[in-house]
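Single-letter residue listing:
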Amino acid sequence: MSRLIIVSNRVAPISEGGPAAGGLAVGVYDALKETGGMWFGWSGDVLSSGQPQIAVEERGPVTFATIGLLRRDYDQYYRGFSNATLWPAFHYRADLVQYDRHDFEGYRRVNAWLAQQLVPLLRDDDVIWVHDYHLIPFAQALRAAGVHNRIGFFLHIPFPASQVLLAVPPHRELVEALCSFDLLGFQTKPDLRAFCDYIVNEAGGSVERLDDGLTRIDAFGQTLRAGDYPIGVYPDEIAELAKAGERGKPVRTLKATLHGRKVIMSVDRLDYSKGLVERFRAFERLLDQAPSQRNRVSFVQIAPPTRADLHAYQDIRLRLEAESGRINGRFAELDWTPIWYIHRQYERAVLAALFRASHVGYVTPLRDGMNLVAKEYVSAQDPDDPGVLVLSCFAGAAQELTGALIVNPFDTDGMADALAVALAMPVAERQARHRDMLAQLRQNNVSVWRDRFMRDLSRVGKREAGASAAAGVVPMPLAD
Ligand code: GDG
């Protein structure tokens, strides 16, 4: 059996059997344990000087290989091009795109440098699976270094419509780089369609739907396959965690504080793509339009910090603090706080228990590749008395979780109406919706997602030596 090599920007901290790691990390780690293999990526360390060295740690059949980044590389590759250019553009926020040519050079340089670090660790029959937008040029860099192994790529975030992608000046270089992979995985069919649209209408390539469900792409002198692979969770494990936490301190504290009031629950990294301000305003609209809900329901927003050194993230934090303060100032009473805005992280088990204790899961991103919180919320519910999921039509999860109340996050009244419907929904309807969604989550759990991708990657033809040279790939400069 070929070894599996996972490459991702960050290597997930895995605590064996522990509840700290999420489903994705566990799902990928399970695959590594089965086939044997390696997880390669940035250690999370930023070095002010010196030459970063790979640290290799063996855990049974799995090798973890991590390396630090120099400050300049971190600034250009991670903060700059990945998170100030690609992240907003891929989430349809062309207005937030900041582009600096030097950052793009740094992004390509770090991809080439990381690829050079990986090459000596590779064997001929390794299968390489690269994750996410930080590493779009990674296969191109490996090909330039003479690697002919099968290389797949999974994009965790949306792939934007062509007219939005055109806002990123080097859009053509990016899509050309993607075509050096053998298999491209997208979260949803609309993402795959957006990619195909670019290939046909902007790159002059062609796409063909194949009998096996994959799409064949011919562009930039390369032939590859693409498909949609909606990522899943382990619903039964989450349900166990949630149940185990039912009588735990966090849930007891929550219930004691609420005195029988209902709870609307949201959990998101504090990111402008998650639609938090719009969500707060829709909750305010509910209190405006339905005075009977006042003092009867509280909205708990857990929003751990993320990328706090970027301006757009400082801005969303300030806006959210202002909104929660304003709305609480308008409606709060001596014995009732309408919005609990909590800017910190909780343990995974605590979140699962809080999901189970709440009446509405309020998940309304403006754009999201998938949104695992939506899937975790459904998984955590008590099937006899489940909460209701209110879900944005712009989350990838909305393609599968059709038993949710699907809302448009730009429609404040529509969201307020959905909250009112959710809070009043009879138990039989809640049970039926939950049953459908749970069946879907079990059918497409994270193992199924991973196995489908790996099966398809193992089927694509291995690249012939010299194929990348024929496609005109230019070797990229190495880091200083
Ligand atoms: C990207 C894509 C795609 C959140 N707060 C805490 C915490 N979390 C966990 C959640 C969930 C995960 O983090 C967040 O996953 P999402 O899918 O919701 O969003 P992104 O972080 O933006 O993830 C997304 C995903 O990749 C996978 O492909 O679905 O579209 O943007 O698991 O529970 N976990 C803990 N404490 C917290 O306070 N322990």
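All figures in this text were calculated on a predicted structure; none of them were measured in a lab.

Student: Would you mind going over the confidence of the model for the protein chain in detail, with residue names and values included?
Tutor: Counting all residues, the mean pLDDT for the protein chain is 93, and 94% of those residues have values of 70 or more. Between residues 465-480, whose pLDDT stays under 50, and residues either more than four places distant or in other chains, the model counts 30 contacts.

Student: Just give me the short version of the side chain of N444, but keep the residues and values in it.
Tutor: Structurally, N444 is set in the loop between α15 (427-443) and α16 (446-459). Taking relative accessible area as the criterion, N444 reaches 10% and is therefore assigned buried. Among the polar contacts made by the side chain of N444, one reaches the main-chain carbonyl oxygen of P230 at a distance of 3.0 Å. The residues contacting N444, other than those within four sequence positions of it, are P230, G232, K375, E400 and W449.

Student: Please provide a residue-by-residue account of the sheet that holds strand β11 (residues 262-267), values included.
Tutor: Read from one edge of the open sheet, 6 strands run β13-β12-β11-β14-β15-β16, paired in parallel fashion. Two strands in the sheet have a free side with no partner beyond their single neighbour: β13 (339-342) and β16 (405-407). Taken pair by pair, the neighbouring strands of this sheet meet at an average axis angle of 20°, ignoring direction. Two elements, strand β15 (residues 388-392) and β16, share 3 bridges in a ladder whose sense is parallel. In the strand pairing of β16, V390 is matched with L405. Relative to the sheet, helix α12 (residues 348-357) contacts β11 and β12 (297-302), its axis offset from that of β11 by approximately 145°.

Student: Describe the packing of aromatic side chains, with residues and values.
Tutor: Taken as a whole and assessed by the stated rule, the structure comprises 27 aromatic pairs. Ring geometry for F81 and Y99: centres 6.3 Å apart, planes at 75°, overall edge-to-face. Of the two residues, F81 sits in helix α2 (residues 71-90) while Y99 sits in the loop between α2 and α3 (101-118), which places them 18 residues apart along the sequence. What makes F81 buried here is its relative accessible area of 0%. Residue class for Y99 comes out partly exposed when judged on its relative accessible area of 33%. Measuring from ring centre to ring centre gives 4.9 Å for F153 and F181, while their planes differ by 40°; the resulting arrangement is tilted.

Student: Let's hear about the domain arrangement of the protein chain: which residues, and what values?
Tutor: Much of the literature gives interface size as the accessible area that the parts lose upon coming together. Partitioning the protein chain into domains gives domain 1 (4-232 + 446-470) and domain 2 (236-443). Each of domain 1 and domain 2 has a C-alpha centre, and these two points are 31 Å apart. Each partner contributes to the interface: domain 1 provides 27 residues, whereas domain 2 provides 21 residues. For the pair domain 1 and domain 2, the summed buried area comes to about 1,900 Å², and 60% of that belongs to carbon and sulfur atoms. In this assembly, domain 1 and domain 2 are joined by 1 salt bridge. The shortest N-O distance in the salt bridge between R79 and D309 comes to 3.2 Å. With 6 residues, the single largest contributor to the side of domain 1 that touches domain 2 is α2. For the side of domain 1 that touches domain 2, the per-class residue count stands at 16 nonpolar, 8 polar and 3 charged.

Student: Which residues make up the site of the ligand, and what values do they have?
Tutor: Neighbouring residues of the ligand: 20 residues in total, closest H156, Y346, D368, L372 and E376. Taking K274, its side chain carries an N or O atom lying 3.0 Å from an oxygen atom of the ligand. Taking 730 Å² as the accessible area of the ligand by itself, protein coverage stands at 84%. Elements with a contribution of two residues or more to the shell around the ligand: α12 and α13 (372-380). Looking at the shell around the ligand residue by residue, the classes come out as 9 nonpolar, 5 polar and 6 charged. The residue makeup of the shell around the ligand includes at least three contributed by each of domain 1 (4-232 + 446-470) and domain 2 (236-443).

Student: Which residues make up the pairing of β12, and what values do they have?
Tutor: With 6 of its 6 residues buried, β12 lies for the most part within the structure. What you see with β12 is no split at all: V297, F299 and Q301 on one side and S298, V300 and I302 on the other are buried throughout. Sheet topology note: the β11/β12 ladder contains 6 bridges and is parallel. When the bridges of β12 are listed, K262 appears paired with V297.

Student: A description of the sheet that holds strand β10 (residues 222-228) should follow, citing residues and the corresponding values.
Tutor: Judged by pairing direction, the sheet is mixed, and its 10 strands sit side by side in the order β3-β4-β2-β1-β5-β6-β7-β10-β9-β8 without closing on themselves. Both edges of this open sheet fall to β3 (55-59) and β8 (206-209), since each of them pairs with a single strand only. Each adjacent strand pair in this sheet contributes to an overall mean axis angle of 20°, direction not counted. Pairing between strand β1 (residues 4-10) and strand β2 (residues 37-47): 6 bridges, direction parallel. In the sheet register, V7 faces β2, and the bridge partner there is F40. The sheet strands contacting α2 are β1, β2 and β4 (62-70), and the helix crosses β4 at an angle near 100°.

Student: Lay out the packing of α2 against α3 in plain terms, naming residues and giving numbers.
Tutor: Viewed as axis vectors pointing N to C, α2 and α3 meet at an angle of 115°, and their least axial separation amounts to 8 Å. Crossing of α2 against α3: the hand is left-handed. Residues R72, D73, Q76, Y77, G80, F81, S82 and L86 of α2 pack against H102, D103, F104, G106, Y107, R109, V110, N111 and L114 of α3. Residues belonging to the contact of α2 with α3 are distributed by class as follows: 7 nonpolar, 6 polar and 4 charged.

What counts as what
- Residues numbered from 1 in each chain as written.
- Predicted model: local features only at pLDDT ≥ 70, side-chain atom pairs only at ≥ 80, totals over all residues.
- Heavy atoms only, no water.
- pLDDT = per-residue confidence, 0-100.
- Contact = heavy atoms within 4.5 Å.
- Helix = DSSP H or I, 4+ residues; strand = E, 2+ residues; numbered from the N terminus.
- Buried < 20%, exposed > 50% of the residue type's maximum accessible area, 1.4 Å probe, protein only.
- Polar contact = N/O pair within 3.5 Å; in protein donor to acceptor, adjacent residues only side chain to side chain.
- Pairing = 2+ DSSP bridges.
- Axes fitted to C-alpha atoms, helices over the stretch in contact; angles between N-to-C directions.
- Phe/Tyr/Trp six-rings, centres within 6.5 Å; stacked < 30°, edge-to-face > 60°.
- Domains from an automatic or database assignment.
- Buried area = accessible area lost by both parts, 1.4 Å probe.
- Salt bridge = Lys/Arg side-chain N within 4 Å of Asp/Glu carboxyl O.
- Nonpolar A, V, L, I, M, F, W, Y, C, P; charged D, E, K, R; others polar.
- Near = heavy atom within 4 Å.
- Areas by Shrake-Rupley, 256 points an atom, 1.4 Å probe, with all protein chains shown as cover.
- Left-handed = near helix turned anticlockwise from the far one by under 90°.

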